[in-house]
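# Descriptive analysis of the structure
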Amino acid sequence: MADQLDSGMVAGHSAESGQLSPVTAGGPATETHHGRPVSWVAVGLMMAAFLVGGLGLILGPIWWLFWVGVGMCTVGGLLALATHIFDDWY
């Protein structure tokens, strides 16, 4: 039953040779990363903030470094909210 043609499937050659392949326009399907570059910058900033804050706790604790990480995470969160990061889900 799994090898029957569906509305989105065509018989053809896939990586598993002879299995059904999804219909694609213009070639093989490619996986893309969703989101705008500004969203990735906000997420990257928050990840770096957790790294800085975590190092501040591990290396001492060095409280000023921890609070720099908290501030960086706050800026990244505000950037994410200001650019409507949750609208990138599609």
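Residues numbered from 1 in each chain as written. Predicted model: local features only at pLDDT ≥ 70, side-chain atom pairs only at ≥ 80, totals over all residues. Heavy atoms only, no water.

Attention shifts here to the overall build of the chain. Check the secondary structure of the chain and you find 2 helices and 2 strands. Along the chain direction, N to C, the helices and strands of the chain fall in the order β-β-α-α. Across the 90 residues that make up the chain, the buried fraction comes to 17%. Within the chain, residue pairs in contact and separated by at least 24 positions form 39% of the contacts whose partners lie at least 6 positions apart. When the accessible surface of the chain is summed, it comes to about 7,100 Å², and 71% of that surface belongs to carbon and sulfur atoms. (Helix = DSSP H or I, 4+ residues; strand = E, 2+ residues; numbered from the N terminus. Buried < 20%, exposed > 50% of the residue type's maximum accessible area, 1.4 Å probe, protein only. Contact = heavy atoms within 4.5 Å. Areas by Shrake-Rupley, 256 points an atom, 1.4 Å probe, with all protein chains shown as cover.)

This part covers the confidence of the model for the chain. In this model, the chain carries an average pLDDT of 79, and 62% of its residues clear a pLDDT of 70 or more. Model confidence for the chain, summarised as mean pLDDT per element, is weakest for strand β1 (residues 9-11) at 53 and strongest for helix α2 (residues 63-82) at 96. (pLDDT = per-residue confidence, 0-100.)

Below, the discussion takes up the side chain of Ser 39. With respect to the element layout, Ser 39 can be found in helix α1 (residues 37-58). Not counting chain neighbours up to four residues away, the residues in contact with Ser 39 comprise Ile 85 and Asp 88.

With that settled, consider the packing of aromatic side chains. Under the defined criterion, the tally for this structure stands at 2 aromatic pairs. Ring centres of Trp 63 and Phe 66 lie 5.8 Å apart, and the angle between their planes is 85°; on these two criteria the pair is classed as edge-to-face. Placement of the pair is Trp 63 and Phe 66 together in helix α2, with a separation of 3 residues, close to one helical turn. With relative accessibility at 48%, the residue Trp 63 sits in the partly exposed group. Aromatic side chains Phe 66 and Trp 67 sit 5.0 Å apart centroid to centroid with 75° between the ring planes, which places their arrangement in the edge-to-face category. A connected cluster of aromatic rings, assembled from ring pairs, spans Trp 63, Phe 66 and Trp 67. (Phe/Tyr/Trp six-rings, centres within 6.5 Å; stacked < 30°, edge-to-face > 60°.)

Before going further, it helps to examine the environment of Asp 88. By secondary structure assignment, the location of Asp 88 is in the segment after α2. For the pair Asp 88 and His 34, spaced 54 residues apart in sequence, the C-alpha separation works out to 6.8 Å.

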